Amino acid sequence: RRSQEAAEGQLVGRLTRRETEILQAMADGLSTGAIAAKLGVSPATLRTHVQNVLTKLRVHSKVEALALAIRHGKVTPGR
């Protein structure tokens, strides 16, 4: 279990500032459209960023990505 947590921590640590910003916005409850508008990117670009996050974290959903980022202190739920 400890080695799995360490491996997850390394994956979370590889997220870029932008990817972390997107995860935090998701944790804050913003919609995809609201996140795209806030960051000044198109919804298609946002989807690409989200897909990159899922790939980097080796998860299959935004919920899994958020849970992992929260568990490792990368984002704070409901700020």
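In this text, all values refer to a predicted model and were calculated from it rather than measured experimentally.

Criteria and cut-off values
Residues numbered from 1 in each chain as written. Predicted model: local features only at pLDDT ≥ 70, side-chain atom pairs only at ≥ 80, totals over all residues. Heavy atoms only, no water. Helix = DSSP H or I, 4+ residues; strand = E, 2+ residues; numbered from the N terminus. Rg over C-alpha atoms; globule rule 2.2 N^0.38 Å. Buried < 20%, exposed > 50% of the residue type's maximum accessible area, 1.4 Å probe, protein only. Contact = heavy atoms within 4.5 Å. Arc of directions from axis to C-beta. Salt bridge = Lys/Arg side-chain N within 4 Å of Asp/Glu carboxyl O.

Enquirer: What's the story with the overall build of the protein chain in this structure? I'm lost.
Expert: A tally of helices and strands in the protein chain yields five helices and zero strands. The secondary structure elements of the protein chain, listed N-terminal to C-terminal, are α-α-α-α-α. Rg of the C-alpha trace for the protein chain: 12 Å, near the compact-globule value of 12 Å for 79 residues, within the 12% margin. Each principal axis of the C-alpha distribution contributes one length, and for the protein chain these read about 40 × 25 × 20 Å. Looking at the protein chain residue by residue over its 79 residues, the buried ones come to 35%. In the protein chain, the share of contacts with a sequence separation of at least 24, taken over all contacts with a separation of at least 6, comes to 62%.

Enquirer: Would you take a moment to explain unusual backbone geometry for this structure?
Expert: With the exception of glycine, the majority of residues adopt a negative phi angle, and the majority of peptide bonds are in the trans configuration. The backbone of Arg58 sits at a positive phi, close to 60 degrees, despite the residue not being glycine. Note that Arg58 resides in the loop between α4 (43-57) and α5 (62-71). Given a relative accessible area of 64%, Arg58 falls into the exposed group.

Enquirer: Sorry if this is basic, but what is going on with helix α3 (residues 32-39) here?
Expert: The α-helix advances 3.6 residues per turn, and as a result positions three or four apart in sequence lie on the same side. All of the buried residues in α3 are Ile35, Ala36 and Leu39. Each buried residue of α3 lies within a common arc of 100 degrees when the element is viewed along its axis, so the set occupies one face. Set apart from the buried face of α3 by more than 90 degrees, the exposed residues are Ala37 and Lys38. Considering only its buried residues, α3 is in contact with α2 (17-27) and α4. Directly after α3, the chain includes Gly40, whose backbone phi takes a positive value near 70 degrees.

Enquirer: Would you mind going over the pattern of salt bridges with me for this structure?
Expert: Where charged atoms of side chains with opposite charge meet at close range, the side chains can pair. Counted according to the given criterion, the structure contains three salt bridges. Salt-bridge contacts for Glu8 lead to Arg71; the nearest nitrogen and oxygen are separated by 3.5 Å. In this pair, Glu8 sits in helix α1 (residues 2-13) while Arg71 sits in helix α5, placing the two residues 63 residues apart along the sequence. For Glu8, a relative accessible area of 12% translates into the label buried. Of the residues examined, Arg71 reaches a relative accessible area of 48% and is grouped as partly exposed.

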